[in-house]
Amino acid sequence: VTIEAILLVGGAGTRLRPLTVHTPKPMLPVAGVPLVVHQLTRAREAGVDRLVLATSYRPEVFRRELGDGGVVGLEVEYVTEEVPLGTAGALRNVADRLTSAPDDPVWILNGDIISGHDMAAQLLLHQRTGAAVTLHLTEVADPRPFGVVPTDRDGRVSAFLEKTAEPAGNQINAGCYLFRREVLDRIPPGRPVSVERETFPHLLDAGAPVYGYLDDSYWLDLGTPAAFVAGSRDLVLGLAPSPALPGTPGPALVLPGASVAADATVDGGSCVGAGARVDPAAVVDGSVVFPDARIGRGAVVRHSAVGRGAVVGDGTRLDEVVVGDGARIGAGNELLAGLRVWPDAVIGDRAIRFSTDA
Ligand code: GTP
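Below is a short write-up of the structure. For clarity, every value in this text was computed on a predicted model and none was experimentally measured.

### Topic: the sheet that holds strand 13 (residues 259–260)
So, point 1. A sheet is described by the order of its strands in space; here six strands give the open sequence 13-16-19-22-25-28, paired in parallel fashion. Here the strands that pair on one side only, and so sit at the sheet edges, are strand 13 and strand 28 (346–347).
So, point 2. In the sheet, strand 13 pairs with strand 16 (residues 277–278) via two bridges, with the strands oriented parallel. Note that in strand 16 the partner of Val 260 across the bridge is Val 278.

Printed below as a string of structure tokens:
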């Protein structure tokens, strides 16, 4: 039998701007390959053969990079929403492309997650319980930014609670679901629908069996700049498992075609993309340097992302900064604390500091 999955990749990735101005979040380079490739490689290992991508924002980038799916060993088909239909609307919109029978399980994957969870165990639970939907759940230290999903002793979901300042528990929806195929066909067509706010609560109200598969292995939603940088770092260090890592885990991943000066320091789980250059005495720590970017002599780049073809000038210091594609930051600047530099912006030499120059 063919095991099918739907990959939700239509979001605009606003929290990650300006990295997502040219590239949709799921296609940003993370530890040397597009973010979704880590997840798709795991999905293939878990038995998925055929994938339907629900695209909307910049669909051409997916087609260009993933093509017929051969790079990830999957048969791939693309569907594009002219107007984003929300997470469940997107599922309904691609449902007629599935070949699965009504009772067959279909995987639903979010395009912005790195997860080491046991997909085979999630599938077993789904089959054993005969669930309509089985969600992967994970426990997080701070559940406030998430919806909380409590379960009973057998793993049956008892509620879907919206995010609040005082969440009841710390078990959250980890964004990887198994749906019985016919449940997808019953989502209302032709209008925006949210799977989290509408479909899941409706299933519970209707008494449908919805189960949670709790797994405490590595999990991260790479939706924010800090999480994006952390996710790449964890993959490079080997803290996050991925069969798609183009190299062995270690303090740094320098892609073929990148050049790092002998006395530069690249560590802390940094990744230096193909064609990028790190000049002498520079320090790159826990950061993502996109392909063709350049880090100048003596520059210090910590916990930051430097976009494709961007330039960080000599002696410039970046800490928790996002630099858009093609931006040019002159020498002797100091950019910190979540600053975002837009693509192709030009910042002169010694133009911006946080601290005094004394
Ligand atoms: P933000 O704008 O920063 O919140 O990011 P996002 O647009 O990606 O939204 P979010 O992280 O909530 O989305 C979770 C997953 O669903 C991502 O993989 C998105 O690409 C995807 N997604 C969100 N909305 C839509 C939609 O309307 N259509 C489709 N096809 N996918 C969507």
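### What about the pattern of salt bridges?
So, point 1. Counted by the stated rule, this structure contains 18 salt bridges.
So, point 2. Salt bridges sharing partners connect three or more residues here, namely Glu 4, Arg 50, Glu 75, Glu 77 and Arg 97.

### Let's talk about helix 4 (residues 119–129)
So, point 1. Within helix 4 the residues assigned to the buried category are Met 119, Gln 122, Leu 123, Leu 125 and His 126. Looking straight down helix 4, one finds that the buried residues subtend no more than 160 degrees of arc, so they occupy a single side. Across from the buried face of helix 4, at angles greater than 90 degrees, the exposed residues are Leu 124 and Arg 128.
So, point 2. Where the residues of helix 4 are buried, they touch helix 1 (35–45), strand 6 (105–110), strand 8 (133–139), strand 9 (171–180) and strand 10 (210–214).
So, point 3. One side-chain oxygen at the N-terminal end of helix 4 lies 3.2 Å from the backbone nitrogen of Ala 120; it belongs to Asp 118.
So, point 4. Positive phi appears at Gly 130, one or two residues downstream of helix 4, with a value of about 65 degrees.

### What about the sheet that holds strand 14 (residues 265–267)?
So, point 1. Pairing is parallel in the open sheet, where five strands are placed in the order 14-17-20-23-26. This sheet does not close on itself; its edge strands, each paired only once, are strand 14 and strand 26 (334–336). Strand-to-strand twist across the sheet, computed as the mean angle between neighbouring axes with direction ignored, equals 5 degrees.
So, point 2. Relative to strand 26, strand 23 (residues 317–319) runs parallel, the two being bridged by three bridges. If you follow Leu 318 over to strand 26, its bridge partner there is Leu 335.

### Concerning the site of the ligand
So, point 1. In the vicinity of the ligand lie 19 residues, with Leu 8, Thr 14, Arg 15, Glu 81 and Gly 86 positioned nearest.
So, point 2. In the model, an oxygen atom of the ligand is placed 2.8 Å from a nitrogen or oxygen of the Arg 15 side chain.
So, point 3. Leu 85 places a main-chain nitrogen or oxygen 3.4 Å from an oxygen atom of the ligand.
So, point 4. When isolated, the ligand has an accessible area of 620 Å², and the protein chains bury 81% of it.
So, point 5. Among the elements that take part in the shell around the ligand, helix 3 (residues 86–94) stands out by supplying three residues, more than any other.
So, point 6. A class-by-class count of the residues in the shell around the ligand yields seven nonpolar, eight polar and four charged.

### A closer look at unusual backbone geometry
So, point 1. A cis amide bond, omega 10 degrees, links Arg 17 with the succeeding residue Pro 18.
So, point 2. Backbone geometry at Ala 31 places phi at a positive 50 degrees, although glycine is not the residue there.
So, point 3. Along the chain, Ala 31 falls in the loop between strand 2 (29–30) and strand 3 (33–34).
So, point 4. Backbone geometry at Ala 281 places phi at a positive 65 degrees, although glycine is not the residue there.
So, point 5. Tracing the backbone shows Ala 281 in the loop between strand 16 and strand 17 (283–285).

### Side note on the packing of aromatic side chains
Geometry of an aromatic ring pair is reported as the spacing of the ring centres plus the angle between the planes.
So, point 1. One pass over the full model with this rule turns up six aromatic pairs.
So, point 2. Taking 5.0 Å as the distance between ring centres and 90 degrees as the angle between the ring planes, the aromatic pair formed by Tyr 177 and Phe 200 counts as edge-to-face. On the criterion of sequence distance, the pair formed by Tyr 177 in strand 9 and Phe 200 in helix 6 (residues 195–205) is long-range, its members being 23 residues apart.
So, point 3. On the accessibility criterion, Phe 200 (0% relative accessible area) is buried.
So, point 4. Put simply, the rings of Phe 160, Tyr 177, Phe 179 and Phe 200 pair up and form one aromatic cluster.

### Some thoughts on the nonpolar core
It is characteristic of soluble globular proteins that their nonpolar side chains tend to be buried jointly.
So, point 1. By size, the foremost hydrophobic cluster in this structure holds 31 residues, and its most contacted members are Val 133, Phe 179 and Leu 184.
So, point 2. Mapped onto this core, the elements with two or more residues apiece are strand 1 (4–8), strand 4 (50–55), helix 3, strand 6, strand 8, strand 9, helix 5 (181–185) and helix 6.
So, point 3. With four residues, helix 3 is the single largest residue contributor to this core.
So, point 4. Residues contacting Val 133, with those up to four places away along its chain left out, are His 126, Tyr 177, Leu 178, Phe 179, Val 183, Phe 200, Leu 203, Pro 209, Val 210 and Tyr 211.
So, point 5. Of all hydrophobic cores here, the second largest spans 26 residues; its members include Ala 5, Val 61, Val 76 and Leu 109.

### Notes on the side chain of Arg 42
So, point 1. Along the chain, Arg 42 falls in helix 1.
So, point 2. The side chain of Arg 42 is buried and forms no salt bridge, while Glu 45, the nearest opposite charge, is found at 6.1 Å.
So, point 3. Residues in contact with Arg 42, not counting those within four places in the same chain, are Ser 115, Gly 116, His 117, Met 119, Pro 241 and Pro 243.

Rules behind the numbers
Residues numbered from 1 in each chain as written. Predicted model: local features only at pLDDT ≥ 70, side-chain atom pairs only at ≥ 80, totals over all residues. Heavy atoms only, no water. Pairing = 2+ DSSP bridges. Helix = DSSP H or I, 4+ residues; strand = E, 2+ residues; numbered from the N terminus. Salt bridge = Lys/Arg side-chain N within 4 Å of Asp/Glu carboxyl O. Buried < 20%, exposed > 50% of the residue type's maximum accessible area, 1.4 Å probe, protein only. Arc of directions from axis to C-beta. Contact = heavy atoms within 4.5 Å. Polar contact = N/O pair within 3.5 Å; in protein donor to acceptor, adjacent residues only side chain to side chain. Axes fitted to C-alpha atoms, helices over the stretch in contact; angles between N-to-C directions. Near = heavy atom within 4 Å. Areas by Shrake-Rupley, 256 points an atom, 1.4 Å probe, with all protein chains shown as cover. Nonpolar A, V, L, I, M, F, W, Y, C, P; charged D, E, K, R; others polar. Phe/Tyr/Trp six-rings, centres within 6.5 Å; stacked < 30°, edge-to-face > 60°. Core = buried A, V, L, I, M, F, W, Y, C linked by side-chain atoms within 4.5 Å. Lys, Arg positive; Asp, Glu negative; His and termini not counted.

The analysis is restricted to geometry; functional conclusions fall outside its scope.
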